[in-house]
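Geometric and topological summary
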Amino acid sequence: MVKICCIGAGYVGGPTMAVIALKCPHVEVAVVDISVPRINAWNSDQLPIYEPGLEDIVKQCRGKNLFFSTDVEKHVREADIVFVSVNTPTKTTGLGAGKAADLTYWESAARMIADVSVSDKIVVEKSTVPVKTAEAIEKILMHNSKGIKFQILSNPEFLAEGTAITDLFNPDRVLIGGRETPEGFKAVQTLKEVYANWVPENQIITTNLWSAELSKLAANAFLAQRISSVNAMSALCESTGADVTQVAYAVGTDSRIGPKFLNASVGFGGSCFQKDILNLVYICQCNGLPEVAEYWKQVIKINDYQKNRFVNRIVSSMFNTVSNKKVAILGFAFKKDTGDTRETPAIDVCKGLLGDKAQISIYDPQVTEDQIQRDLSMKKFDWDHPLHLQPMSPTTVKQVSVKWDAYEATKDAHAVCVLTEWDEFKSLDYQKIFDNMQKPAFIFDGRNVLNVDKLREIGFIVYSIGKPLDAWLKDMPAFV
Ligand SMILES: NC(=O)C1=CN([C@@H]2O[C@H](COP(=O)(O)OP(=O)(O)OC[C@H]3O[C@@H](n4cnc5c(N)ncnc54)[C@H](O)[C@@H]3O)[C@@H](O)[C@H]2O)C=CC1
Ligand SMILES: O=C(O)[C@H]1O[C@H](OP(=O)(O)OP(=O)(O)OC[C@H]2O[C@@H](n3ccc(=O)[nH]c3=O)[C@H](O)[C@@H]2O)[C@H](O)[C@@H](O)[C@@H]1O
């Protein structure tokens, strides 16, 4: 029986390995992690991450050919293929701080693999890493290997949170990069055979190592660039009376451009887009390509601009101050169908409003109060380290309260902001919400999910990203 071990039981390691276990009953899969609470949760009824469809698969396979364990060394030693899916955060100090990828966790995993191995292994980069990381990993493994042979493959993951299981079941492609040597080709073939259990062969792309590593950074950069492009247009739409949804539709029907990923928003979030682009920018700078670096940096700048613009729009609409006003935040996760808050635009919007002394009342169907308080008090990039290295008990931000109900959160509020596109926000009773709010009652829709005409009929002053402005908003000084 082929044995697979995955180091890192996170948003990627957990779902990816669960699907491999489901699709390959003849393969034994162990997912290991240094975080005891995380592994305990994987072995319980309350999985550590919320992902539609995941629980069913884990229940089907756990204890049969899918195991979660903190005994990292044992499972690595026994495995034929070792996936490494650990954190690759942005460096916060030292050389490349604020841009470069911090490979501390990757390096320690590689050293441990070299230490404990007693047989040849294929080591697979599943984490997103800077191009040429495989070279460094190879050096660590080779210099510590006591004669054991390792083949390094790059097999970046393209799943998106909230749709991870369907993405893994029907990936647009699986990408495998390896050394162009007989041993390298053989290793690529071995991994290809695993995926071929459910992915059509013509969708399994094989490349050299560097192309695979760079393609992952490139794909995320292209995706984020689309959002920044449409968000840049949204600002122009508001100034001109064009409607960004209509513009995006008209542009997206061009088959060369395509309709997906053109939803204007309060800004993109998630653990990877910003981190990976910053990393790309750093790599370009290190390779003497400042113009290319500047080009990609602009994607982040527009994203920051969009988040600031949203906060400024709220404050300027509300007589230029939100001091002591209650602002209800609907949605804190970085997108719907996930409880993940990493780099969610809600953090920046809330911090911006808190900076203007607002009282904030937050409701999200999947995010806990502890997580929200943690996010609002944590330093930039601290969130992307293993749990046990994060601040233990967050300082409570006093002007923030967290509710378990949208009606409770919006009661007596001066304004409501929709920051995540949860489906349930579309069908709330907005008449009831309006009746219980201070007047004038404002709604700022950062996701363009609400029925603007209906809200205006009820009496709300409505702002929707990239849509023609209410007369009220037009008359307010444009601090945006
Ligand atoms: N979250 C996502 O949707 C995607 C993430 N990625 C990439 O995958 C990688 C992992 O991301 P996530 O799963 O989101 O992170 P995560 O933070 O959810 O999981 C990483 C896990 O690795 C564990 N870990 C760290 N060092 C370890 C070590 N030395 N030994 C054992 N366990 C260790 C941590 O405790 C943590 O549970 C990152 O490089 C990310 O860029 C790629 C595609 C999608
Ligand atoms: O490397 C990664 O981590 C992953 O990053 C993204 O996946 P994810 O961040 O989970 O979610 P997306 O659906 O891409 O959304 C990212 C952010 O962009 C926002 N977004 C997305 C699409 C859109 O049209 N507009 C928009 O504002 C979302 O609300 C969210 O905040 C990519 O889509 C995955 O392919 C990739 O594997």
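As recorded in an unreviewed UniProt entry, the protein chain goes by UDP-glucose 6-dehydrogenase and comes from Thlaspi arvense. Listed in UniProt under the heading Sequence similarities (unreviewed entry), the comment for the protein chain reads: "Belongs to the UDP-glucose/GDP-mannose dehydrogenase family." Note on the protein chain: under the UniProt heading Catalytic activity (unreviewed entry), the record states "UDP-alpha-D-glucose + 2 NAD(+) + H2O = UDP-alpha-D-glucuronate + 2 NADH + 3 H(+)".

Considerations on the overall build of the protein chain
Scanning the protein chain for helices and strands turns up 18 helices and 14 strands. Against the compact-globule benchmark of 23 Å for 480 residues, the protein chain has a radius of gyration of 24 Å, which places it among compact chains. Seen through its principal axes, the protein chain has C-alpha atoms that stretch 75 × 45 × 45 Å. Across the 480 residues of the protein chain, 55% fall into the buried class. In the protein chain, once contacts between residues fewer than 6 apart in sequence are set aside, the share between residues at least 24 apart is 76%. Of the roughly 20800 Å² of accessible surface on the protein chain, 53% is carried by carbon and sulfur atoms.

A few points about the sheet that holds strand 11 (residues 400-403)
An order of 11-10-9-12-13-14 is seen for the 6 strands of this open sheet, with the pairing classed as parallel. Either end of the sheet is taken by a strand with one partner, and the two such strands are strand 11 and strand 14 (461-464). Geometrically, the sheet is characterised by an average inter-axis angle of 20° between neighbouring strands, direction not taken into account. Examined bridge by bridge, strand 10 (residues 359-363) and strand 11 share 4 bridges and lie parallel to one another. Looking at strand 11, one finds that isoleucine 362 is bridged to valine 402. Strand contacts of helix 12 (residues 290-317): strand 12 (415-418), strand 13 (442-445) and strand 14, with the helix running at about 170° to strand 13, the strand carrying the most contacts. Where helix 13 (residues 345-355) meets the sheet, its contacts fall on strand 9 (326-330), strand 10 and strand 11, and the angle it forms with strand 10 comes to roughly 160°.

A few points about the layout of surface pockets
To find leftover empty space, a probe the size of one water molecule is rolled over the atoms. The calculated volume of the second largest pocket comes to roughly 440 Å³. Looking at the lining of the second largest pocket, the elements that each hand over two or more residues are strand 5 (121-125), strand 6 (150-154) and helix 8 (182-195). For the lining of the second largest pocket, the element with the most residues is helix 8, which contributes 6 residues. Of the residues contributing to the lining of the second largest pocket, the split by class is 8 nonpolar, 4 polar and 7 charged.

Some words on unusual backbone geometry
Proline 440 follows lysine 439 through a cis peptide bond whose omega is -5°. Within the secondary structure, proline 440 is located in the loop between helix 16 (430-435) and strand 13. Of note in the backbone geometry, glutamate 343 takes a positive phi value of approximately 55° without being a glycine. Take glutamate 343: it is sitting in the loop between strand 9 and helix 13.

Examining the site of ligand 2
Around ligand 2 sit 20 residues, and of these Phe158, Leu159, Ser265, Cys272 and Arg447 come closest. Take leucine 159: an N or O atom from its main chain is 2.7 Å from an oxygen atom of ligand 2. At a separation of 2.8 Å, an oxygen atom of ligand 2 approaches a polar backbone atom of phenylalanine 334. Taken by itself ligand 2 offers 700 Å² of open surface, and the protein chains cover 90% of this. Residue contributions to the shell around ligand 2 peak at 4 residues, all from helix 9 (residues 209-240). Taken together, the residues that form the shell around ligand 2 break down as 11 nonpolar, 4 polar and 5 charged.

Concerning the environment of threonine 163
Assignment of secondary structure puts threonine 163 in the loop between strand 6 and helix 7 (164-169). Classification of threonine 163 as partly exposed rests on a relative accessible area of 35%.

Topic: helix 6 (residues 133-143)
Listed as buried for helix 6 are Thr133, Ala134, Ile137, Glu138, Ile140 and Leu141. One face of helix 6 carries all of its buried residues, which in axial projection span an arc of 165°. In this fold, the buried residues of helix 6 make contact with helix 5 (104-116), strand 5, strand 6 and helix 9.

What about the packing of aromatic side chains?
If you walk through the whole model with that rule in mind, you get 12 aromatic pairs. Each ring, one from tyrosine 195 and one from tryptophan 198, has its centre 5.6 Å from the other, and the planes form 50°; the classification is tilted. An identical accessibility class is assigned to tyrosine 195 and tryptophan 198; each is buried. Consider the rings of phenylalanine 261 and phenylalanine 273, whose centres lie 6.4 Å apart with planes at 70°: the pair is edge-to-face. A residue pair is termed long-range when its members are at least 10 positions apart, and phenylalanine 261 in the loop between helix 10 (244-252) and helix 11 (273-286) and phenylalanine 273 in helix 11 qualify at 12 residues. Take phenylalanine 261: its relative accessible area is 38%, and that puts it in the partly exposed class. Exposure remark for phenylalanine 273: the relative accessible area of 13% places this residue in the buried category. Here the aromatic residues Phe310, Phe442, Phe444 and Tyr463 are joined through ring pairs into a cluster of three or more. Against the face of tryptophan 210 rests lysine 132, its NZ or CZ located 4.2 Å from the ring centre.

Considering the pairing of strand 4 (residues 81-84)
Covered by surrounding structure in strand 4 are Ile81 and Phe83 together with Val82 and Val84, the residues of both alternating faces. When strand 1 (residues 2-7) meets strand 4, the two strands line up parallel, connected through 4 bridges. Residue pairing in the sheet places isoleucine 4 in a bridge with isoleucine 81 of strand 4. Relative to strand 5, strand 4 runs parallel, the two sharing 4 bridges. The residue bridging valine 82 from the neighbouring strand is valine 123, located in strand 5.

Analysis parameters
Residues numbered from 1 in each chain as written. Chains lettered and ligands numbered in written order. Predicted model: local features only at pLDDT ≥ 70, side-chain atom pairs only at ≥ 80, totals over all residues. Heavy atoms only, no water. UniProt positions renumbered as here; feature names shortened; annotations may be inferred. Helix = DSSP H or I, 4+ residues; strand = E, 2+ residues; numbered from the N terminus. Rg over C-alpha atoms; globule rule 2.2 N^0.38 Å. Buried < 20%, exposed > 50% of the residue type's maximum accessible area, 1.4 Å probe, protein only. Contact = heavy atoms within 4.5 Å. Areas by Shrake-Rupley, 256 points an atom, 1.4 Å probe, with all protein chains shown as cover. Pairing = 2+ DSSP bridges. Axes fitted to C-alpha atoms, helices over the stretch in contact; angles between N-to-C directions. 1 Å grid on protein atoms, 1.4 Å probe; cavity = no way out; pocket = protein on both sides within 12 Å on 5 of 7 lines; lining within 4 Å. Points joined across faces, edges and corners; volume = space filled by probe spheres on them. Nonpolar A, V, L, I, M, F, W, Y, C, P; charged D, E, K, R; others polar. Near = heavy atom within 4 Å. Polar contact = N/O pair within 3.5 Å; in protein donor to acceptor, adjacent residues only side chain to side chain. Arc of directions from axis to C-beta. Phe/Tyr/Trp six-rings, centres within 6.5 Å; stacked < 30°, edge-to-face > 60°. Lys NZ or Arg CZ within 6 Å of the ring centre and 35° of its normal.

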